[in-house]
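Each chain, written out:
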Amino acid sequence: MSTSHNDANNALLNDINSATQTHGGAAHGSVKEYVWGLIWSIILTAIPFGLVMSGALSSGLTIVIILLCAVAQVFVQLVFFLHMNTSSEQSWNVVSGVFIVLITLIVVLGSVWIMQHLNHNMLMGH
Amino acid sequence: MAISDMTIAPEAGYDGFAKEEHHHDYAGDTLLGFWIYIMSDCILFATLFATYAVLGTGFAGGITPKDLFDLNFVAVETALLLFSSFTFGMAMLGAQAKDESRLFKWLGVTFLLGLAFLCMEMYEFYHFSSEGAGPTTSAYWSAFYALVATHGLHVFAGMCWMIILVIHIKRDGITEENHTRLACLSLFWHFLDIIWICVFSMVYLMGVM
């Protein structure tokens, strides 16, 4: 009886192991996935570099495109290189990631916003 | 009977089960923990980016990035880091296939690309400093060196980690523990590439405009 119990445990263990091969934010990719990630990254890098080097567009529009390409490439690398997805095993990774994006935006945009007002006020004092 | 087996006299198989189960939790928890470390590293870079953005026009009448930045040079740096991210992915596939020589080959390529990137960055710092834009020249250059050199230090740390992992794997093979360590380093290396995307977009591309 104890032998069959162990067999059952081992079968369960094998199931757990095979099911957890993709757990913990370390889902495995394939060559195809990495190649696609590389191609998209090259495209999204070449566009802003090309625009700035050629100076084809107005500076305001160029800045918008640089930012859009940067955000897009960050997502491309998260998906194709870090294999992030919306599956439940990765929910903690995604939740903490979204939280940090929020904090980052508050830190960067908040600093710029406050310091601009500060500069404005200092100039007004003159 | 099964209960008494488990509580009083666990057999070898049961012991193995307990160990293996712990093992499995260890890998997942380690990776999530390392992910949270990376998120805290994000905040470090966020503060450096915020500093850079705030001090972005503080040239103190000195030399400006427009005079110094060379986009062709930065494009090569970017390509090196991007390809190293890709080759690290290939190394991970080698580790998954338990193919040590494939793992070492791709890890070696990744290391060389990282080294080339670091050499270019150090040359760039040397060049800028000799042109009169050192870390103490103005608020802008202080913020620039703080941000870009912090990224460079991370790349350096990643390369040291690679060497240590290769020693581990040469000694023990691609064990579960080493695979977990490799997966952590993979997260770290891809994260550095993601930070570099922000650096070349915000610092270099917007700096020359």
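Residues numbered from 1 in each chain as written. Chains lettered and ligands numbered in written order. Predicted model: local features only at pLDDT ≥ 70, side-chain atom pairs only at ≥ 80, totals over all residues. Heavy atoms only, no water.

1. Re the overall build of chain B
Then comes step 1: The number of helices and strands found in chain B is 7 helices and 0 strands.
Then comes step 2: Helices (α) and strands (β) of chain B occur, in sequence order from the N terminus, as α-α-α-α-α-α-α.
Then comes step 3: The buried share of chain B, taken over its 209 residues, is 49%.
Then comes step 4: Counting only contacts in chain B whose residues sit at least 6 apart along the sequence, the fraction spanning at least 24 positions is 81%.
Then comes step 5: Here chain B has roughly 9000 Å² of accessible surface; of this, 66% comes from carbon and sulfur atoms. (Helix = DSSP H or I, 4+ residues; strand = E, 2+ residues; numbered from the N terminus. Buried < 20%, exposed > 50% of the residue type's maximum accessible area, 1.4 Å probe, protein only. Contact = heavy atoms within 4.5 Å. Areas by Shrake-Rupley, 256 points an atom, 1.4 Å probe, with all protein chains shown as cover.)

2. What to know about the packing of aromatic side chains
Two aromatic rings, taken as a pair, are described by how far apart their centres are and by the angle between their planes.
Then comes step 1: Enumeration according to the criterion identifies 26 aromatic pairs over all chains in this entry.
Then comes step 2: One aromatic cluster in this structure is built from Tyr52, Phe59, Phe69, Phe117, Phe125, Phe128, Tyr140, Trp141, Phe144, Tyr145, Trp196 and Tyr204 of chain B. (Phe/Tyr/Trp six-rings, centres within 6.5 Å; stacked < 30°, edge-to-face > 60°.)

3. What about the side chain of His190 of chain B?
Then comes step 1: Mapping His190 of chain B onto the fold places it in helix α7 (residues 176–207).
Then comes step 2: Those residues in contact with His190 of chain B that sit more than four places away from it in its chain are Gln77, Phe81 and Leu82 of chain A together with Ser85 and Gly89 of chain B.

4. Examining the confidence of the model for chain B
All names here are of chain B.
Then comes step 1: Within chain B, residue pLDDT values average 89, and 88% of them lie at 70 or more.
Then comes step 2: The lowest-confidence element of chain B is helix α1 (residues 2–7), averaging 48 in pLDDT; the highest-confidence one is helix α5 (residues 100–130), averaging 97.
Then comes step 3: For residues 1–6, every residue scores under 50 in pLDDT, and the model assigns this stretch 9 contacts once sequence neighbours within four places are set aside.
Then comes step 4: Overall, residues 15–23 carries pLDDT values under 50, and its contacts beyond four positions in sequence, including any with other chains, amount to 6 contacts.
Then comes step 5: In the predicted complex, the global pTM is 0.83; the interface-specific ipTM is 0.83. (pLDDT = per-residue confidence, 0-100.)

5. Quick look at unusual backbone geometry
Residues and elements named next belong to chain B.
Then comes step 1: The backbone phi angle of Ala60 is positive, close to 55°, even though this residue is not glycine.
Then comes step 2: Here Ala60 lies in the loop between α2 (12–54) and α3 (65–68).
Then comes step 3: A residue is classified by how much of its surface remains accessible, and Ala60, at 68% relative accessible area, is exposed.
Then comes step 4: For Lys98, which is not glycine, the phi torsion reads 55° and is therefore positive.

6. Considering the environment of Leu44 of chain B
All names here are of chain B.
Then comes step 1: Looking at the secondary structure, you find Leu44 in helix α2.
Then comes step 2: Linking Leu44 and Thr150, residues 106 residues apart in sequence, is a C-alpha distance of 9.4 Å.
Then comes step 3: Ignoring sequence-local partners within four residues, the contact set of Leu44 consists of Thr150 and His154.

7. Some words on helix α6 (residues 139–172) of chain B
Then comes step 1: Spanning 34 residues, α6 of chain B covers 49 Å between terminal C-alpha atoms, matching the ideal 50 Å at 1.5 Å per step.
Then comes step 2: Positive phi shows up at Gly173 of chain B, right after α6 of chain B, with a value of about 80°. (Expected span 1.5 Å × (residues − 1).)

8. What about a nonpolar patch on the surface?
Then comes step 1: On the surface, Val31, Val35, Trp36, Ile39, Trp40, Ile43 and Ile47 of chain A cluster together to form a nonpolar patch covering roughly 580 Å² of accessible area.
Then comes step 2: Among the structural elements, Ile43 of chain A can be located in helix α2 (residues 31–54). (Patch = residues over 30% accessible without salt bridge, like charges linked within 9 Å, V, L, I, M, F, W, Y side chains within 5 Å. Salt bridge = Lys/Arg side-chain N within 4 Å of Asp/Glu carboxyl O.)

9. What to know about the nonpolar core
Generally speaking, soluble globular proteins have nonpolar side chains that are buried together.
Then comes step 1: Core analysis: the largest hydrophobic core is formed by 81 residues, its most contacted members being Trp141, Phe144, Trp196, Val203 and Tyr204 of chain B.
Then comes step 2: Only α2, α3 (59–80) and α4 (91–125) of chain A together with α2, α4 (71–96), α5, α6 and α7 of chain B provide two or more residues apiece to this core.
Then comes step 3: Broken down by element, the residue count for this core peaks at 18 residues, all from α7 of chain B.
Then comes step 4: Trp196 of chain B has contacts with Val74, Glu77, Thr78, Leu81, Phe117, Glu121, Val148, His151 and Tyr204 of chain B, leaving out every residue within four places of it along the chain. (Core = buried A, V, L, I, M, F, W, Y, C linked by side-chain atoms within 4.5 Å.)

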